[in-house]
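Coordinate inspection notes
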Amino acid sequence: MALCLFNSLQRRVEAFTPLFPEADAIGFYCCGPTVYDFGHIGNFRTFVFADLLRRYLEFRGHRVNHVMNITDVEDKIIRQVAATGLSLAEFTGKYTDAFLADLATLSCLKPHHLPKATDYIPQIIDLIERLEKRGIAYRAGDGSVYFSINKYRGCGCRYGQLVTLDPEAQRQTERVSGDSYDKDNLADFALWKARVPGDGVVFWESPWGEGRPGWHIECSAMSMALLGPSFDLHLGGEDLAFPHHEDEIAQSEGTGLQQGGRPFVKHWVHAAHLLVDGKKMSKSLGNFFTVRDLLNKGFQGREIRFLLISAHYRETFNFTLEGLEASRSALARLDSTVAQLTERAGAANPDNTLAPSPFEIAFTEALDDDLNVSKAWAVIFDWVRETNAALATGSLSPAAAAERLHAWRRVDGVMGLGARPQEEAPAEALALLEKRNAAKAARDFAQADAVRNELKALGWTVEDSKSGSKLKRL
Ligand SMILES: [Zn+2]
């Protein structure tokens, strides 16, 4: 079976096949953060999902060229820059660094490219000029440049590829933004926004005067600059499908840069929303969490990741702190099995010539099915139960344990949970260790065993080696 994914463009699950089978990597673009604040877990649901899909494509033998943009110029950013007196680069740099740190906390692989919109102004201008030459972009009375949906349609192109909603009706709600009034048509959107006094020092020179790019054109410019005019996969949160992604398609295909009847993007994949305690996250409801808020509550990045990938990407996910507690327990079961396997395997090496185990095959079948993580977790926890049973009977040879461990590491290469971080032993346990070592030195083995049991009750075990004894979490 091949990997099948829901393609928002076709509105159905279909087999993923690379656009260019001979290319050395799959073009993979995910809309990144707007860096004006710390990212919340709703944002990170999409990014962790993108990481899972990238890891799975790699597991299935593809090379992936992963691009995630950083939106570093936008209304909220401009307001904050004016309020803080920082430069645009200083202000956005701080939140970009925080975002990348959070991404690492959640064990997301770093994208291969992290383009910043402000580094792509020449490419953005070039795209707008191409659209202007084809008569699809026009300059309005306010000095801004807009995309003409009617002209685009006149070229035989289709606006409304991702959505079936009436886009004109959708746009009515946007009328409040003052710049709407100079457009030829209400549905048209800004490609280049003329400088206004509120922009302060944030502006660039362009053939249309001073100004800044519209948000949508940034993603068209960065994705096509790094992945070419046609590429394989474009991801984002479902709230971006319209108008952001629809506009990306229109701008990109409006340039006519695509060759051989190929589309701008072959597979569009959207991750559903996240609710917290059954409600939309909001600061006023007190259910708004950044990754940092959760770390401050004592949770680990891998526990947050586990919870975020416990539900199917197309289902609205209800995030709760109780869910996070349950993730902690489930991970502890998994960690305990992996720790016991590691101990049993000892120095034994897995036989790498073996075909994938039934465990890996079942896991692959689950994720091939539109990344069905529920099925994948069921496969993983069946394997945990079965492995625990084999460990309990003592029937598992070191070589068999090493093979199981090898299979787990391959599977975890996709899930990205990694090993349990080593915990520092508390002072109480360290004192018991000294007491036990003293008893052992005095050859009082009954006392040494009694202290060992006390340590066990605290959740620690003693490991003796030539270099001394140390504590290990049970
Ligand atoms: Zn985007």
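Residues numbered from 1 in each chain as written. Predicted model: local features only at pLDDT ≥ 70, side-chain atom pairs only at ≥ 80, totals over all residues.

**Digging into the overall build of the protein chain**
What counts, and what does not: Where helices and strands are cited, they refer to DSSP runs of H or I of at least four residues and of E of at least two residues respectively, numbered from the N terminus. Whether two residues are in contact depends on their C-beta atoms, placed from the backbone: they are in contact if these lie within 7 Å.
Summing up its helical and strand segments, the protein chain has 16 helices and 14 strands in all. Across the protein chain, the fraction of contacts at a sequence separation of at least 24, relative to all contacts at a separation of at least 6, is 74%.

**Some thoughts on the packing of helix H10 (residues 301–308) against helix H11 (residues 321–345)**
As a reminder, the rule being used: Axis definition: a line fitted to C-alpha atoms, over the contacting stretch in the case of helices. Angles run 0 to 180 degrees between N-to-C directions. Here the word oblique covers every angle except those under 35 degrees (roughly parallel), over 145 (roughly antiparallel) and from 65 to 115 (roughly perpendicular).
Running from N to C, H10 and H11 point in directions that differ by 105°, and their axes come no closer than 9 Å. What the angle tells us is that H10 and H11 run roughly perpendicular. Facing Arg-302, Glu-303, Ile-304, Phe-306 and Leu-307 of H10, the residues of H11 in contact are Gly-323, Leu-324, Ser-327, Arg-328, Ala-330 and Leu-331.

**Points about the sheet that holds strand S9 (residues 231–237)**
For the record, the criterion: At least two DSSP bridges between two strands are needed for those strands to be called paired.
Ordered by their spatial adjacency, four strands build an open sheet running S4-S3-S9-S10, and the pairing between neighbours is parallel. A strand with exactly one partner marks an edge of an open sheet, and here the two such strands are strand S4 (64–68) and strand S10 (265–271). Neighbour to neighbour, the strand axes of the sheet diverge by 20° on average, direction disregarded. Sheet topology note: the strand S3 (residues 26–30)/S9 ladder contains three bridges and is parallel. The residue bridging Cys-30 from the neighbouring strand is Leu-235, located in S9.

**Side note on the domain arrangement of the protein chain**
This is how the line gets drawn: Note that the domain bounds reflect an automated or database-derived domain assignment.
Under the domain assignment used here, the protein chain contains domain 1 (21–271), domain 2 (276–415) and domain 3 (427–473). Placing a centre on the C-alpha atoms of domain 1 and another on those of domain 3 gives a separation of 59 Å.

**Some words on the pairing of S3**
Threshold: Between the buried cut of 20 or more and the exposed cut of 12 or fewer other C-beta atoms within 10 Å of a residue's own C-beta lies the partly exposed class, and all C-beta atoms are placed from the backbone. Crossovers are marked right-handed if the path from the first strand over the helix to the second runs clockwise, as seen with the strands pointing away from the viewer.
Of all five residues in S3, five are buried; the element is thus mostly enclosed. Residues of S3 alternate between two faces, with Ile-26, Phe-28 and Cys-30 on one and Gly-27 and Tyr-29 on the opposite face, all of them buried. The parallel pair S3 and S4, bridged by helix H1 (residues 41–59), forms a crossover whose chirality is right-handed.

**Regarding the nonpolar core**
The line we're drawing: We define a nonpolar core as a collection of buried residues of the types Ala, Val, Leu, Ile, Met, Phe, Trp, Tyr and Cys that are connected via C-beta atoms lying within 7 Å of each other.
By size, the foremost hydrophobic cluster in this structure holds 105 residues, and its most contacted members are Val-48, Leu-52, Leu-53, Ile-128, Ala-137, Phe-147 and Leu-191. For this core, the element with the most residues is H1, which contributes 10 residues. Mapped onto the domain boundaries, this core takes at least three residues apiece from domain 1 (21–271) and domain 2 (276–415). Sequence-distant contacts of Ala-137, defined by excluding residues within four places in its chain, comprise Ile-128, Leu-131, Glu-132, Val-145, Tyr-146, Phe-147, Ser-148 and Leu-191. In terms of nonpolar packing, the next biggest core, distinct from the first, is built from six residues, Leu-432, Val-451, Leu-455 and Leu-471 among them.

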